[in-house]
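Residue-level listing of the chains:
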Amino acid sequence: MQRNNGIIATGGSNVVGNAVASGRNAKAEVRDSGLTQSDGGRQPSPQDIGDLLTRLIDELGRSEHPERADLIEAAEDAREEVASAEPRKGKLKLFARALVGAVPGFTALASLAVAIEEAIRGL
């Protein structure tokens, strides 16, 4: 059996990260090999992640997400954490996983959430 590290989509209608499934009983799943490569394999810096979080905060402020106030507060906390002298990676990873779960259906937010999760994984 060969492992698929791409997008798997089956069933009705759902959005997860950068995977979209439509039709009856949709299911969208994104599988990742765990390797993060951006900008030619360069690991994202805390500044890069802070910039992504700032973009997320701005997008949330313009969105109609029902939990946008709580998400903005969590993103601001994560931005402070990533800027600290010794960021707690476990706390940031928990934030990233929760964020990805909180934004399905909001395409721009979901894309940013995935980018943030991948960048944090690369710390």
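Residues numbered from 1 in each chain as written. Predicted model: local features only at pLDDT ≥ 70, side-chain atom pairs only at ≥ 80, totals over all residues. Heavy atoms only, no water.

Q: Please clarify how the overall build of the chain should be interpreted in this entry.
A: Helix and strand counts for the chain stand at four helices and four strands. Helices and strands appear in the chain in the N-to-C order β-β-β-β-α-α-α-α. Sequence-distant contacts, at least 24 apart, represent 46% of the contacts inside the chain between residues at least 6 apart. Summed over its atoms, the accessible surface of the chain is roughly 7,500 Å², and 47% of this surface lies on carbon and sulfur atoms. (Helix = DSSP H or I, 4+ residues; strand = E, 2+ residues; numbered from the N terminus. Contact = heavy atoms within 4.5 Å. Areas by Shrake-Rupley, 256 points an atom, 1.4 Å probe, with all protein chains shown as cover.)

Q: Just to check I follow, could you spell out helix α3 (residues 89–102) for this structure?
A: Count 3.6 residues to each turn of an α-helix, and residues three or four apart come out pointing the same way. Over its 14 residues, α3 runs 20 Å from end to end, which matches the ideal 20 Å to within 8%, given 1.5 Å per residue. Taken residue by residue, α3 has L92, F95, A96, L99 and V100 as its buried positions. One side of α3 holds all its buried residues, which, seen down the axis, span an arc of 130°. The exposed residues of α3 that point more than 90 degrees off its buried face are L94 and G101. (Expected span 1.5 Å × (residues − 1). Buried < 20%, exposed > 50% of the residue type's maximum accessible area, 1.4 Å probe, protein only. Arc of directions from axis to C-beta.)

Q: Looking at this model, I keep getting lost on the UniProt feature "transmembrane region" (unreviewed entry) in the chain. Mind explaining?
A: The positions that UniProt labels "transmembrane region" (unreviewed entry) are, in the present scheme, residues 94–116. The annotated region residues 94–116 carries 83% helix and 0% strand content, and the separation between its end C-alpha atoms amounts to 12 Å. (UniProt positions renumbered as here; feature names shortened; annotations may be inferred.)

Q: In this structure, what is going on with the packing of helix α1 (residues 46–62) against helix α2 (residues 68–83)? I would like to understand it.
A: Geometry of a packed helix pair, given as the angle between the helix axes and the separation of the axes. Two elements in contact, α1 and α2, have axes separated by 9 Å at closest approach and are oriented at 165°. By the angle class used here, α1 and α2 are roughly antiparallel. In terms of crossing hand, the pair formed by α1 and α2 is left-handed. Between α1 and α2, the residues in contact are P46, I49, G50, L53, T54, L56, I57, L60 and G61 and R68, L71, I72, A75, E76, A78, R79 and V82, respectively. Broken down by class, the residue content of the contact of α1 with α2 amounts to eleven nonpolar, three polar and three charged. (Axes fitted to C-alpha atoms, helices over the stretch in contact; angles between N-to-C directions. Parallel < 35°, antiparallel > 145°, perpendicular 65-115°, else oblique. Left-handed = near helix turned anticlockwise from the far one by under 90°. Nonpolar A, V, L, I, M, F, W, Y, C, P; charged D, E, K, R; others polar.)

Q: Whenever I open this one, a negative patch on the surface confuses me. Can you help?
A: A surface patch of negative charge is lined by E67, D70, E73, E76, D77 and E80. On the secondary structure map, D70 appears in helix α2. Of the residues examined, D70 reaches a relative accessible area of 55% and is grouped as exposed. (Patch = residues over 30% accessible without salt bridge, like charges linked within 9 Å, V, L, I, M, F, W, Y side chains within 5 Å. Salt bridge = Lys/Arg side-chain N within 4 Å of Asp/Glu carboxyl O. Lys, Arg positive; Asp, Glu negative; His and termini not counted. Charge placed at Lys NZ, Arg CZ, Asp CG, Glu CD.)

Q: Quick question: what am I supposed to make of the nonpolar core here?
A: In a soluble, globular protein the nonpolar side chains are often hidden away together inside. L53, L56, F95, L99, V103, I116 and I120 are the most contacted members of the largest nonpolar core, which totals 24 residues. Those elements giving two or more residues to this core turn out to be α1, α2, α3 and α4 (107–121). Those residues within four positions of I116 in sequence are excluded, and the remaining contacts are L52, L53, L56, F95 and L99. (Core = buried A, V, L, I, M, F, W, Y, C linked by side-chain atoms within 4.5 Å.)

Q: Looking at this structure, how should I read the side chain of E81?
A: Following the sequence through the fold, E81 ends up in helix α2. Residue classification places E81 among the buried positions, given a relative accessible area of 9%. At a separation of 2.8 Å, a polar atom in the side chain of E81 contacts the main-chain amide nitrogen of R88. Non-local contacts of E81, meaning those with residues more than four positions away in its chain, are made with E86, P87, R88, K91 and L92. (Polar contact = N/O pair within 3.5 Å; in protein donor to acceptor, adjacent residues only side chain to side chain.)

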